[in-house]
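Coordinates in review
Listed below are the residues making up each chain.
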Amino acid sequence: MGKVLDKFYARYGNPGVLSIIQNRGMTIDWAIEAGCHDGTDTLRIAGLPGMKAIFAFEPDSVAADIAQAKFDGIPNKIKFVRSALWSKPGTVEMYSPTGNPGDGNSIFVFHEEHDDVNKKLDVSFPCTTIDLEIMAHSSSGLLWLDVEGVPHIVLEGATTTLKNIAIAQIEVEMHKMSNFRTPPYLYSTVQKTIYGSFIQVHKIMRTSNFKLYRAPIHPGFFGDVIYIRKELLSKIERLQSFVLTFLMLLLHRVVYPCLKKP
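Now for a look at the structure at hand. Please read these numbers as outputs of a predicted model, since none were measured by experiment. Numbers given to residues run from 1 along each chain, matching the order in which its sequence is written. Per-residue local features of the predicted model are confined to residues with pLDDT of at least 70, and side-chain atom pairs are confined, for both listing and counting, to 80 or more; whole-chain, interface and lining totals are unaffected and use all residues. In computing side-chain properties, one takes all heavy atoms of the structure into account and sets aside hydrogens as well as water.

Secondary structure follows DSSP: runs of H or I at least 4 residues long count as helices, runs of E at least 2 residues long count as strands, and numbering of each begins at the N terminus. Counting its regular elements, the protein chain contains eight helices and 11 strands. Residues count as neighbours in contact if any of their non-hydrogen atoms are within 4.5 Å of one another. Nonlocal contacts in the protein chain, meaning residues at least 24 apart in sequence, comprise 71% of its contacts between residues at least 6 apart. Exposure was quantified through the Shrake-Rupley algorithm and a 1.4 Å probe, taking into account, for residues, occlusion by the shown protein chains and nothing else. Carbon and sulfur atoms make up 56% of the accessible area of the protein chain, which totals about 13000 Å².

Set out below in C-alpha cells:
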C-alpha cells in the first residue's frame, strides 16, 4: 500500500521548478528568488538558457554574506537585496517563543516605517515589497518564494509583478505548524488560518490568472507548489489542475485532519 501511495503522491508532486521549465521547453529570461539563502539555487537559476536578470532577496546577514561572495562572479546579472519582503515597506521583527530560532515556531511582527522599533532587537530586518523593487524584463519571469511561512503576505506586495510571471514555485504550509503562529502575531490583510498559508496563496494566484500545476498532496506540514499562467496550459492541463486543487483541499482540509495527520 505504501508504494502505491508514494506513486500517487509523486504523480502530483514537484520535481523542481527548473526541471519543469526545461521539460516544458519554457523560455524564462528573468527571475525573482526570495529567500535565496546562500545563493546555491540562484546560481542554478542563472544557468538557465537566456537568463538575463535575477532579483535575489536574503535578509539573514550570515547567509547573505555567503551568497554575495558567490554572486561576485556573475557581474550585472544578479541584483542582490539584503531585505526581507512583506506586503508593504517597514521593518519585520522575528523572534522565537521557544528560544530556538528556526524550529518552526518563529513569529514575525511587522512595524510601519514610522514606528519606533526597539533597536536592541536581536533579529529585525528592513522589509520592502516585490512591486517596489522589481522592474519586469518581459512576461516570461520566474518567481521562487521560500519566505519562512509568509508567502501570502509577500504576494500581497507583488500583484503588479505577477502579471509578468510565467511560472512560480512557492513554499507553503498546508497545516498550522505551531500553536505560537496565531493571527494576532501576523499582521496582514490576508491572515494565516489553521490550514496554513496554502489557501491564501491559492486565492491570490488564482486571482492573478495562475493554475495549480504541482502540489504536495502527501500528509505533510509544508511543501512546494508550482503555479503556471493559465494561458500557457492546455485544456487537458487545466482539467488536471482542477483535479489537483480538489485533491489538495479534500485531503488537507478533510481527510488528513480526520486521520489526525500529519
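Turning our eyes to something else, we now look at the environment of Gly196. Summarising the element assignment, Gly196 is placed in the loop between β9 (165–173) and α7 (198–207). Sequence separation between Gly196 and Val150 is 46 residues; the distance between their C-alpha atoms is 9.5 Å.

Turning next to the pattern of salt bridges. A side-chain nitrogen of Lys or Arg and a carboxyl oxygen of Asp or Glu constitute a salt bridge if their distance falls within 4 Å. One pass over the full model with this rule turns up five salt bridges. Across the pair Arg82 and Asp65 runs a salt bridge, and its minimum N-O distance is 3.0 Å. Here Asp65 lies in helix α4 (residues 61–71) and Arg82 lies in the loop between β3 (78–81) and β4 (84–85), a separation of 17 residues in the sequence. Linking Lys79 and Glu133 is a salt bridge whose minimum nitrogen-to-oxygen distance equals 3.8 Å. Here Glu133 lies in helix α5 (residues 130–133) and Lys79 lies in strand β3, a separation of 54 residues in the sequence. Each residue is placed in one exposure class: buried if its accessible area under a 1.4 Å probe, protein chains only, is under 20% of its type's maximum, exposed if it is over 50%, and partly exposed if it falls in between. A relative accessible area of 23% means that Glu133 is categorised as partly exposed.

A word on the packing of helix α1 (residues 2–12) against helix α8 (residues 235–258). Packed helices, taken two at a time, are described by the angle between their axes plus the distance between the axes. Lines are fitted to the C-alpha atoms to define the axes, a helix being fitted only along its stretch in contact, and any angle between axes, read from their N-to-C directions, falls within 0 to 180 degrees. At their nearest, the axes of α1 and α8 sit 11 Å apart, and the two run at 130° to each other. Accordingly, the angle class assigned to the pair α1 and α8 is oblique. The two elements α1 and α8 meet at a crossing, and its hand is left-handed. Counted together, Phe8, Tyr9, Arg11 and Tyr12 of α1 and Gln240, Val243, Leu244, Leu247 and Tyr256 of α8 form the full contact between these two elements. The scheme is simple: roughly parallel for angles under 35 degrees, roughly antiparallel for over 145, roughly perpendicular for 65 to 115, oblique for anything else. When the near helix sits turned anticlockwise from the far one by under a right angle, the crossing is termed left-handed; a clockwise turn instead gives a right-handed crossing.

When DSSP finds two or more bridges between a pair of strands, those strands are recorded as paired. Taken together, seven strands build an open sheet; the order of strands is β3-β2-β1-β8-β9-β11-β10 and the sheet is mixed. Because the sheet does not close on itself, it has two edges, and the strands there are β3 and β10 (210–214). Ignoring strand direction, the axes of neighbouring strands in this sheet form an average angle of 20°. Sitting on the sheet, helix α2 (residues 17–24) touches β8 (141–145), β9, β10 and β11 (222–229), and the angle it makes with β8 is about 160°.

Moving on: α4. By the burial criterion, the buried members of α4 are Ala63, Ala64, Ala67 and Phe71. Within α4, the buried residues cover an arc of 95° as seen down the axis, which keeps them to one side. Along α4, exposed side chains directed more than 90 degrees from the buried face belong to Val62 and Ala69. Contacts from the buried residues of α4 go to α3 (40–46), β2 (53–57) and β3. By arc we mean the arc of the directions from the helix axis to the C-beta atoms, nothing more.

Moving on to the pairing of β10. Across the five residues that make up β10, a large majority, four, are buried. For β10 and β11, the ladder comprises four bridges, and the chain directions are antiparallel. Residue pairing in the sheet places Arg214 in a bridge with Ile226 of β11.

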